[in-house]
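# Fold and geometry: a report
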Amino acid sequence: MREALIEAQKAADYGEVPIGAVIVKDKTIIARSFNARERHQKATHHAEIRVIDQANDVVENWRLLDCALFVTIEPCVMCSGAISLSRLPEVYFGATNPKFGGAVSLYQILEDERLNHRLHVESDILAEECANIMQNFFKNRRKK
């Protein structure tokens, strides 16, 4: 999660909402990314979508079996759908996202028994640090 926080800081440095993500396979980070919607002017350029795309290239497969995603903030509905469709078996995230969360807060897409793929989900990993980077970003943005 500390590596995902480094990615989140990169996003903040670019003026992006500071969310970072990494994908790990065999205890090695194979992909890392951060939010880049403003930078690329793409609505789908969330950290999770970008890191999944990178990991797909690395493993040369759309299925990310035997991988784990670490992301600083609870994935939104779009990202939760992409995570499920990529067949990631494990997701670990820091702080919850009460306004947009698709994993535990508003919806439980990743563990919904009606869907054909369910994942292991763990939250509150370095939650305070993950929440703080978001809170500080928006606090500074409001000052401007």
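Computed from a predicted structure; not experimentally measured.

## Let's talk about the UniProt feature "domain: CMP/dCMP-type deaminase" (unreviewed entry) in the protein chain
UniProt feature "domain: CMP/dCMP-type deaminase" (unreviewed entry): in the numbering of this structure it lies at residues 1-122. Taken as a whole, residues 1-122 contains 31% helix and 24% strand, while its terminal C-alpha atoms sit 12 Å from one another.

## Focus: the environment of Leu119
Along the chain, Leu119 turns up in the loop between strand S4 (90-95) and strand S5 (120-122). Taking the C-alpha atoms as reference, Leu119 lies 9.3 Å from Ile109; in sequence the two are 10 residues apart. With sequence-adjacent residues up to four places away left out, Leu119 is seen in contact with Ile83, Ser84, Leu88, Pro89, Glu90, Val91, Leu110 and Glu111.

## Considerations on the nonpolar core
Core analysis: the largest hydrophobic core is formed by 32 residues, its most contacted members being Ile23, Leu69, Ile83 and Leu88. Those elements that place two or more of their residues in this core are helix H1 (2-13), strand S1 (20-25), helix H3 (47-59), strand S3 (67-73), S4 and helix H5 (127-143). Among the elements that line this core, the one with the most residues is H5, at five residues. In this view, Ile83 contacts Glu48, Ile52, Leu69, Pro75, Leu88, Val91, Leu110 and Leu119; residues no more than four positions away in its chain are not counted.

## Some thoughts on the environment of Lys139
You can see Lys139 is positioned in helix H5. Given the relative accessible area of 46%, Lys139 is considered partly exposed.

## A few points about the pattern of salt bridges
The final tally for this structure, using the stated rule, is five salt bridges. Measuring nitrogen to oxygen at the nearest pair gives 3.1 Å for the salt bridge that ties Arg32 to Glu7. Remark: Glu7 occurs in helix H1 and Arg32 occurs in strand S2 (residues 28-34); sequence separation between them is 25 residues. Judged by relative accessible area, which is 29%, Arg32 ranks as partly exposed. Taking relative accessible area as the criterion, Glu7 reaches 2% and is therefore assigned buried. A single salt-bridge network, built from bridges that share partners, covers Glu3, Glu7, Lys10 and Arg32.

The rules we used
Each chain has its residues counted from 1, following the order in which its sequence is written. Side-chain atom pairs in this predicted model are given and counted only at pLDDT of 80 or more, local residue features only at pLDDT of at least 70, and totals for whole chains, interfaces and linings cover all residues. Calculation of side-chain values draws on the structure's entire complement of heavy atoms; hydrogens and water are dropped beforehand. UniProt positions are given in the numbering used here, feature names are shortened, and annotations may be inferred rather than shown by experiment. To qualify as a helix, a DSSP run of H or I must reach at least 4 residues; to qualify as a strand, a run of E must reach at least 2; elements of each kind are numbered from the N terminus. Throughout, a residue-residue contact means that at least one pair of heavy atoms, one from each residue, lies within 4.5 Å. We call a set of buried Ala, Val, Leu, Ile, Met, Phe, Trp, Tyr and Cys residues a nonpolar core when their side-chain atoms join them within 4.5 Å. Each residue gets one of three labels from its accessible area relative to the maximum for its type: buried under 20%, exposed over 50%, partly exposed in between, using a 1.4 Å probe on protein chains only. Whenever Lys or Arg places a side-chain nitrogen within 4 Å of a carboxyl oxygen from Asp or Glu, that contact is recorded as a salt bridge.

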